[in-house]
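# Tertiary structure, described
Each chain, letter by letter, is given below.
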Amino acid sequence: AQKVTQAQTEISVVEKEDVTLDCVYETRDTTYYLFWYKQPPSGELVFLIRRNSFDEQNEISGRYSWNFQKSTSSFNFTITASQVVDSAVYFCALSVANRDDKIIFGKGTRLHILP
Amino acid sequence: DTAVSQTPKYLVTQMGNDKSIKCEQNLGHDTMYWYKQDSKKFLKIMFSYNNKELIINETVPNRFSPKSPDKAHLNLHINSLELGDSAVYFCASSQDESGRALWPEQYFGPGTRLTVT
């Protein structure tokens with residue numbers, strides 16, 4: 001069965017600190033996709049990134065970076081020099097093409113950036 | 001321009017009523033979805049439609065019925081509302097011709113907060 005675990009329910013850091021959100025996934029399939037979505041206090045869901053299982057290259061986008069490690073089944077998300085606007089709930093998700101084609105979300109990590 | 005829109009944004013109603021939530025996307029996407037987010041923020045897919053055809057139909061009560069008049073619209077009808085239906089419902093769309101591969105990124109609507117009293 002597929003599963004996404006975000007062990008950190010809630011994190012608080014002071015502005016300008018770096019913070020890493022953990023995501024551990026489970027699947028027996030070799031072809032899958034991983035996602036991160038952001039849900040700010042306003043409630044909408046914003047797509048951040050998608051990675052496929054064959055591309056373990058880490059990605060950086062501005063202050064955001066993602067570390068994909070198949071050996072540990074992790075897809076962690078780091079925000080560098082955090083800002084108050086980064087305060088949100090962040091969801092990690094997994095999609096496996098061969099298993100009912102569902103996307104499975106983790107329970108989310110609520111991130112508070114304190115001024 | 002709003003990419004994925006939902007109406008209404010808030011919906012308060014009494015148990016037993018029938019209500020609908022509308023969703024429209026102007027992205028030209030082929031696939032649309034409905035998700036339910038409960039009070040603990042857990043997101044779960046309910047349905048997906050590809051070009052007006054139902055692709056995914058998760059285990060949801062049959063009081064929930066999606067209706068897709070065209071590929072830009074996917075409405076959610078809920079009959080005989082119950083207290084447990086209170087949640088935020090998100091519509092989403094993605095550019096996926098098959099409707100079966102959920103790996104394309106999805107664009108979400110703003111959500112509809114449904115409160116059943």
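My aim in this report is to walk through the structure given alongside it, one point at a time.

Conventions and cut-offs
Residues numbered from 1 in each chain as written. Chains lettered and ligands numbered in written order. Predicted model: local features only at pLDDT ≥ 70, side-chain atom pairs only at ≥ 80, totals over all residues. Heavy atoms only, no water. Phe/Tyr/Trp six-rings, centres within 6.5 Å; stacked < 30°, edge-to-face > 60°. Buried < 20%, exposed > 50% of the residue type's maximum accessible area, 1.4 Å probe, protein only. Helix = DSSP H or I, 4+ residues; strand = E, 2+ residues; numbered from the N terminus. Pairing = 2+ DSSP bridges. Axes fitted to C-alpha atoms, helices over the stretch in contact; angles between N-to-C directions. Disulfide = S-S within 2.5 Å.

Turning our attention to the packing of aromatic side chains. The tally for this structure, following the rule as stated, stands at 19 aromatic pairs over all chains. Ring geometry for F35(A) versus Y37(A): centroids 6.2 Å apart, planes at 25 degrees, classification stacked. On the basis of relative accessible area, F35(A) is assigned to the buried category, the value being 0%. When the centroid spacing of 6.0 Å and the interplanar angle of 85 degrees are considered together, the rings of Y64(A) and W66(A) count as edge-to-face. Ring pairing ties together the aromatic residues F35(A), Y37(A), F47(A), F91(A), F105(A), Y33(B), Y35(B), F90(B) and F108(B), which thus form one cluster.

Residue and element names in this part refer to chain A. Counted residue by residue, strand 10 (residues 88-96) has nine buried out of nine residues, so it is predominantly covered. Because side chains alternate across strand 10, one face comprises the buried residues A88, Y90, C92, L94 and V96, and the other comprises V89, F91, A93 and S95, equally buried. Where strand 5 (residues 32-39) meets strand 10, eight bridges bridge the pair, whose relative direction is antiparallel. Residue F35 lies in a different strand from strand 10, and its bridge partner there is A93. By the bridge criterion, three bridges tie strand 10 to strand 12 (residues 109-114) in an arrangement that is antiparallel. Following the sheet pairing, Y90 is matched in strand 12 by T109.

Residues and elements named next belong to chain B. Taken in spatial order, the four strands make up an open sheet running 1-3-8-7, and their pairing is antiparallel. Where the open sheet ends on each side, the last strands, each with one partner, are strand 1 (4-7) and strand 7 (64-70). Strand-to-strand twist across the sheet, computed as the mean angle between neighbouring axes with direction ignored, equals 20 degrees. When strand 1 meets strand 3 (residues 19-25), the two strands line up antiparallel, connected through four bridges. When the bridges of strand 3 are listed, V4 appears paired with Q25.

Okay, the state of the cysteines next. Under the criterion given, the structure shown has two disulfides over all chains. Across the disulfide, C23(A) is cross-linked to C92(A) (sulfur-sulfur distance 1.9 Å). Since a negative S-S torsion denotes a left-handed disulfide, the C23(A)-C92(A) link at about -65 degrees is left-handed. On the criterion of sequence distance, the pair formed by C23(A) in the loop between strand 3 (19-21) and strand 4 (24-26) and C92(A) in strand 10 is long-range, its members being 69 residues apart. Comparing C23(A) with C92(A) shows no difference in burial state: the two are buried. Between the sulfur atoms of C23(B) and its disulfide partner C91(B) the distance amounts to 1.8 Å.

Looking now at unusual backbone geometry. In the segment running from T7(B) into P8(B), the intervening peptide bond is cis, with an omega of -5 degrees. Following the sequence through the fold, P8(B) ends up in the loop between strand 1 and strand 2 (10-13). Its identity as a non-glycine residue notwithstanding, K16(A) has a phi of 85 degrees, on the positive side. In this fold, K16(A) is placed in the loop between strand 2 (10-14) and strand 3. The phi dihedral of A81(A) is positive, around 50 degrees, even though this residue is not glycine. Checked against the element boundaries, A81(A) lands in the loop between strand 9 (74-79) and strand 10.

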